[in-house]
Amino acid sequence: MAGLFDKQVEDYLDARPNYPLQWYSMLAALTPHHALAWDVGTGNGQAALGVAEYYEQVMATDISEAQLKSAIPHSRVKYLHTPLSLPEEEVVKLIGGEGSVDLITVAQAVHWFDLSTFYPLVNRLLKKPGGVIAVWTYKGPTVSPAVDSLTQRFYLTTLPFWNERAQNAVDGYKTLPFPFESVGLGMGSEGHPVSLDMEKKLSFEGFLRMLRSWSAVATAKDKGVHLLSEEVVKEFETAWGGREVIASVTYKGFMLAGKVKL
């Protein structure tokens with residue numbers, strides 16, 4: 001979905017939860033080698049930085065140049081723009097060649113991909129045996145009964161503006177096609193994602209940025225519909241307890257991990 005998040009880059013970056021460090025150590029323990037990883041749909045590189053703590057080289061790619069301009073530098077992370085027009089053979093060569101990748105990660109993005117072209121790439125690039133792919137999404141945050149009730153009501157107003165591919169994320173990846181062999185160890189498999197909690201301290205302005213970062217909100221705005229009106233913001237502010245309040249919130253993550261079927 002090229003360009004879908006280009007217009008709300010700053011909101012998107014501020015709104016994302018921080019993925020727990022133990023997720024990366026957990027994934028690293030699944031691969032016998034740690035030479036090369038590929039973080040796909042990297043955005044600002046948040047997941048790539050976590051992966052880089054355990055892998056010698058991380059190729060971090062995105063179809064959005066706007067997102068990559070906000071990417072955080074790291075000595076072991078190489079950021080690459082991979083437009084949809086880039087041929088498959090070029091992508092394979094760019095990443096490292098057939099059977100070269102130890103770990104492939106996709107954070108909060110795979111539901112936007114054309115899976116009919118992405119999964120064959122995964123099968124070509126992962127080491128066999130030993131290579132692992134892990135994808136995850138998240139919902140939330142849950143804040144308080146008052147805020148959560150308003151958030152649900154607000155979400156219902158966004159329904160006409162969601163792209164149909166977003167439904168896989170809404171379902172917590174329970175419906176996401178994932179044709180890979182389970183790695184076991186409670187890491188999730190097709191139809192059975194593992195649930196993971198992410199805690200975060202969030203300001204009211206950060207919460208508003210999270211709502212603005214929803215692709216449906218941006219799509220509605222492009223069509224002249226301002227879902228996050230002053231009246232709606234005021235309702236949220238009252239339920240939040242004031243703009244100065246910093247809340248402890250919980251995002252619910254959902255992960256699938258697998259290896260190429262031999």
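Residues numbered from 1 in each chain as written. Predicted model: local features only at pLDDT ≥ 70, side-chain atom pairs only at ≥ 80, totals over all residues. Heavy atoms only, no water.

Counting its secondary structure elements, the protein contains eleven helices and eight strands. On C-alpha atoms alone, the protein measures out to a radius of gyration of 19 Å, which is about the 18 Å that the 2.2 N^0.38 rule sets for 262 residues. In terms of overall dimensions, the protein has a C-alpha envelope of 55 × 35 × 35 Å along the principal axes. The long-range share in the protein, meaning contacts at least 24 apart out of those at least 6 apart in sequence, stands at 77%. Only carbon and sulfur atoms are counted for the fraction: they give 54% of the accessible area of the protein, which is about 12,100 Å². Here the protein contributes 24 positively and 29 negatively charged side chains, and the mean placements of these two sets differ by 1 Å. (Helix = DSSP H or I, 4+ residues; strand = E, 2+ residues; numbered from the N terminus. Rg over C-alpha atoms; globule rule 2.2 N^0.38 Å. Contact = heavy atoms within 4.5 Å. Areas by Shrake-Rupley, 256 points an atom, 1.4 Å probe, with all protein chains shown as cover. Lys, Arg positive; Asp, Glu negative; His and termini not counted. Charge placed at Lys NZ, Arg CZ, Asp CG, Glu CD.)

Now for unusual backbone geometry. Residue proline 129 follows lysine 128 across a cis peptide bond; omega there is 0 degrees. One non-glycine residue, tyrosine 173, adopts positive backbone phi at about 65 degrees. Turning to its location among the elements, tyrosine 173 is positioned in the loop between helix H8 (167-170) and strand S6 (181-182). Residue classification places tyrosine 173 among the buried positions, given a relative accessible area of 0%. (Buried < 20%, exposed > 50% of the residue type's maximum accessible area, 1.4 Å probe, protein only.)

A word on helix H7 (residues 145-158). The periodicity of an α-helix, 3.6 residues per turn, causes residues three or four positions apart to be oriented the same way. Taking 1.5 Å per residue, 14 residues should reach 20 Å; H7 reaches 20 Å between its end C-alpha atoms and fits that length. Here the buried face of H7 lies against H8, helix H9 (204-213), helix H10 (215-222) and helix H11 (230-240). (Expected span 1.5 Å × (residues − 1).)

Let us look at the nonpolar core. Among the nonpolar cores identified, the biggest contains 53 residues, and Tyr19, Trp136, Phe154, Phe207 and Phe236 are the most heavily contacted of them. If we ignore the near neighbours within four places in the chain, the residues touching tyrosine 19 are Tyr24, Gln46, Ala47, Ala107, Gln108, Trp136, Tyr138 and Met198. One finds Ile104, Tyr119, Leu125 and Ile133 within the second-largest nonpolar core, a separate group that totals 30 residues. (Core = buried A, V, L, I, M, F, W, Y, C linked by side-chain atoms within 4.5 Å.)

What follows deals with the pattern of salt bridges. Counted by the stated rule, this structure contains ten salt bridges. The partner of glutamate 205 in a salt bridge is arginine 243, with the nearest N and O atoms 3.8 Å apart. Here glutamate 205 is found in helix H9, whereas its partner arginine 243 is found in the loop between H11 and strand S8 (246-259), with 38 residues between them in sequence. Where glutamate 237 meets arginine 243, a salt bridge forms, and the shortest distance between an N and an O atom there is 3.4 Å. Exposure remark for arginine 243: the relative accessible area of 43% places this residue in the partly exposed category. Beyond isolated ion pairs, a larger network of salt bridges with shared partners links Glu88, Glu89, Glu98 and Arg124. (Salt bridge = Lys/Arg side-chain N within 4 Å of Asp/Glu carboxyl O.)

Attention now goes to the packing of aromatic side chains. The relative placement of two aromatic rings is captured by the distance of their centres and the angle of their planes. Counting across every chain of the model gives 20 aromatic pairs. Ring geometry for tyrosine 19 against tryptophan 136: centres 5.5 Å apart, planes inclined by 80 degrees, an arrangement best described as edge-to-face. Within this pair, whereas tyrosine 19 is found in the loop between helix H1 (9-15) and helix H2 (21-28), its partner tryptophan 136 is found in strand S5 (residues 132-142), the two being separated by 117 residues in sequence. When its relative accessible area of 5% is taken as the criterion, tyrosine 19 is described as buried. Residue tryptophan 136 is classed as buried on the basis of its relative accessible area, which comes to 0%. Ring geometry for phenylalanine 154 versus tryptophan 214: centroids 5.7 Å apart, planes at 40 degrees, classification tilted. With phenylalanine 154 in helix H7 and tryptophan 214 in the loop between H9 and H10, this pair connects stretches of sequence that are 60 residues apart. (Phe/Tyr/Trp six-rings, centres within 6.5 Å; stacked < 30°, edge-to-face > 60°.)

This part is about the packing of H7 against H11. Contact geometry of H7 with H11 gives a least axis separation of 8 Å together with a crossing angle of 160 degrees. Overall, the two elements H7 and H11 adopt an arrangement that is roughly antiparallel. Crossing handedness for the pair H7 and H11: left-handed. Contacts between H7 and H11 involve Ala146, Val147, Leu150, Thr151, Arg153 and Phe154 from the first element and Val232, Glu235, Phe236, Ala239 and Trp240 from the second. Tallied by class, residues from the contact of H7 with H11 come to eight nonpolar, one polar and two charged. (Axes fitted to C-alpha atoms, helices over the stretch in contact; angles between N-to-C directions. Parallel < 35°, antiparallel > 145°, perpendicular 65-115°, else oblique. Left-handed = near helix turned anticlockwise from the far one by under 90°. Nonpolar A, V, L, I, M, F, W, Y, C, P; charged D, E, K, R; others polar.)

In short, geometric facts, not functional conclusions.
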